[in-house]
Amino acid sequence: MGRYLLGLDAGNTVIKAVIFDREGSEIASAAAEGHSRMPSPGHVERGLDELWQNARRVIRTCIDEAEIDAGEIGAIGCAGHGNGLYALDRDGRPLLAIQSLDTRAAALVDEWKSQGVGERTYPIGRQRPWPSEWKSQGVGERTYPIGRQRPWPSQTPTLLAWLKRHRPEVFASLGTVFLCKDFIVNRLTGARVSDVSDMTGCGLLNLAGRHYDAALMAAYGLSDSMDLLPPLVESADIAGRLTEAAAAETGLAAGTPVVGGLFDVVASAIGSGVTRTGAASIIAGTWSINQVIIEGPELDGPVFMSSTFDRDRYMAIESSATSAANLEWLVREFFSDIRCEGRSPFDLCCELASSSEPASDDPLYHPFLYGAQQDGSARAGFYGIAGWHTKGHLVRAVLEGVAFGHRQHIEAIRKAGADFDEAILSGGGSRSLVWPQIFADVLGVPVSVARSRETGALGAAIAAGTGVGIFSDFAEGAAAMVKTDRHYRPNTAREPHYARRYALYRDIADAMAPLWRRLSAIEATTAGAAA
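Described below are features of the structure shown in this document. Quantities reported herein were computed from a predicted structural model and do not represent experimental measurements.

With that settled, the discussion passes to the side chain of D375. Counting through the fold element by element, D375 comes out in the loop between β19 (364-366) and β20 (381-383). No salt bridge is formed by the buried D375; the nearest opposite charge belongs to R517, separated by 4.7 Å. Look past the residues within four positions of D375 in its chain and what remains in contact with it is A513 and W516.

Below, the structure written as structure tokens:
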């Protein structure tokens, strides 16, 4: 059995390849950044040919830098961003890739919301959903009781329904609908499959049964689309083996096992050492991910999203595209041309943010560059700027605003009954020496940071090792391969300060909601006129 494991992590922009040894040491890594297209307001797409080209390049570069025989790689695992919509045509050729930052279906979500499509309500007297009995009681199919998820703009079935309504010619060409990492697995092995964690995360599975559900598809108006969904495997199941063609393109050894892979948020949890029931993983990446491992699919109240963790347990998730992408935007637009004398512009921003003590009149920021969780019309904004505020105050407002967004999600998870008293932070935001302390202060819990920066790739590698029997399960793999780097405790003296600011953050968002909808309507009208 090989000495090494290869983990791939395909995000919305960057794909990474990392070769690990069995102790979790990074032998070599490579990354490539892709390009998004925004052909219309709210539309965010990418080219599948470019994605595969970048995947081939990072894998080959990684092998070359490691200076190892590719045959020593015992297995390959891939993680990828969830939701969005990736598709092959009926002949298996790349067709379409819509990213999880897309908000084109916001109006469809509003329409469904008015119709109660995603409601959690069960028939009177029932404690569990029984969709087959609802029709006799005059109750239509609903998504939440079956898939534990309400429709939202970037969700895979919502986008599929949008294509069916607005792009019927594209819909008619679809052959396979799956997720980002599934496309990479397909190119490596030829297999058209998806894993259970990703498909539950995008609201396409009966969560309790871990299978496709005709009543769920009917609720989305997709009864005619069941044949577009690929066969399912568990994350650590072997999905296929590397083809001769893929071996020639990547430098890997033909026949290397490739596991089904993971929804990237679950991979990052594993790769940061979160494997016990009740443990919490917070990811400050492009998306704000907040998740807790639970024993079964049932909770006391609703959460935004549920997924599976391993073969027996589940993940309660609250998330939105409202996290570190905001700092990336700030750096790209306002700090890219500033000389940093060997430091990264991200480090410079965090130094500016820490240059002054938090004050009650500091500006506030809403991190809604790509909409809010259930409001695709929401927009980012600074509030309360005064003439004495500096760049440092604005940077700190962004860091705090992102943390407030995470806090809102944490409150929803706790309200649903999935509590915790400490968390492990991963993603780009965890690399800062300042931001994790802000997270600890705003959330009011101790925060730890894993040593590896590539937690998604590491989690995928652990799944690969589990699939070929190197580890008995994810917990054993994480114990062998994950190390902790830093710990932060909340500053209790700042608790009242952040409570006041968080309340203002929520109140301003509520006040702005109707104005965001008016702005969105103007954008839609303008785009329609231009078309």
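The next point concerns the pairing of strand β8 (residues 94-98). Side-chain positions along a regular strand alternate between the two faces of the sheet. Where strand β7 (residues 85-89) lies against β8, four bridges are found, and the strand directions are antiparallel. Counterpart to L85 in the pairing with β8 is I98. Where β7 folds back onto β8 in an antiparallel hairpin, the turn is made up of four residues, including G92, whose phi is positive at roughly 85 degrees.

Time to look at the side chain of H393. If you trace the backbone, H393 turns up in helix α14 (residues 391-415). On the basis of relative accessibility, which here comes to 15%, the residue H393 falls in the buried class. A polar atom in the side chain of H393 sits 3.0 Å from the backbone nitrogen of T390. Those residues in contact with H393 that lie beyond four places of it in its chain are S356, D362, P363 and W388.

Here helix α16 (residues 455-467) spans 18 Å end to end across 13 residues, near enough to the 18 Å set by a 1.5 Å rise per residue. Turning to α16, its buried residues are T455, G456, A457, L458, G459, A460, A461, I462, A463, A464, G465 and T466. One or two positions beyond α16, positive phi appears at G469, with a value near 85 degrees.

Despite not being glycine, E67 has its phi angle at roughly 55 degrees, a positive value. Along the chain, E67 turns up in the loop between α1 (48-66) and β6 (73-80).

It is possible for side chains of opposite charge to pair when their charged atoms get near one another. Counted according to the given criterion, the structure contains 27 salt bridges. We note a salt bridge from R210 to E234, for which the minimum N-O separation is 3.1 Å. One end of the pair, R210, is in the loop between α8 (196-201) and α9 (214-219); the other, E234, is in the loop between β11 (232-233) and β12 (238-241), with 24 residues separating them in the sequence. Owing to a relative accessible area of 14%, R210 belongs among the buried residues under this scheme. Here the residues in one salt-bridge network are R37, E45, D102 and R104, joined through shared partners.

This brings us to the sheet that holds strand β17 (residues 305-308). One open sheet accounts for seven strands, arranged β17-β18-β16-β15-β21-β22-β23; its pairing is mixed. Every interior strand has two partners, whereas the edge strands, β17 and β23 (484-488), have only one. Put simply, the sheet's adjacent strands are angled 25 degrees from each other on average, direction ignored. Strand direction decides the pairing type here: strand β15 (residues 280-284) and strand β21 (residues 423-426), joined by four bridges, are parallel. Across the sheet, A280 pairs through a bridge with A423, a residue of β21. Lying on the sheet, α14 is in contact with β15, β16 (288-294) and β18 (314-320); it crosses β16 at an angle near 25 degrees.

Under the definition given, this model contains 12 aromatic pairs. With a centroid separation of 5.6 Å and an interplanar angle of 90 degrees, the aromatic rings of F368 and W516 are classed as edge-to-face. You can see F368 sitting in the loop between β19 and β20 and its partner W516 sitting in helix α18 (residues 495-530), a full 148 residues away along the chain. Since its relative accessible area comes to 8%, F368 is described here as buried. We classify W516 as buried; its relative accessible area is 5%. Considering the side-chain rings of F404 and Y502, the 5.9 Å spacing of their centres and the 50 degrees angle between planes classify their relative orientation as tilted. Of this pair, F404 sits in helix α14 while Y502 sits in helix α18, and the two are 98 residues apart along the sequence.

Definitions and cut-offs
- Residues numbered from 1 in each chain as written.
- Predicted model: local features only at pLDDT ≥ 70, side-chain atom pairs only at ≥ 80, totals over all residues.
- Heavy atoms only, no water.
- Helix = DSSP H or I, 4+ residues; strand = E, 2+ residues; numbered from the N terminus.
- Buried < 20%, exposed > 50% of the residue type's maximum accessible area, 1.4 Å probe, protein only.
- Lys, Arg positive; Asp, Glu negative; His and termini not counted.
- Salt bridge = Lys/Arg side-chain N within 4 Å of Asp/Glu carboxyl O.
- Contact = heavy atoms within 4.5 Å.
- Pairing = 2+ DSSP bridges.
- Polar contact = N/O pair within 3.5 Å; in protein donor to acceptor, adjacent residues only side chain to side chain.
- Expected span 1.5 Å × (residues − 1).
- Axes fitted to C-alpha atoms, helices over the stretch in contact; angles between N-to-C directions.
- Phe/Tyr/Trp six-rings, centres within 6.5 Å; stacked < 30°, edge-to-face > 60°.

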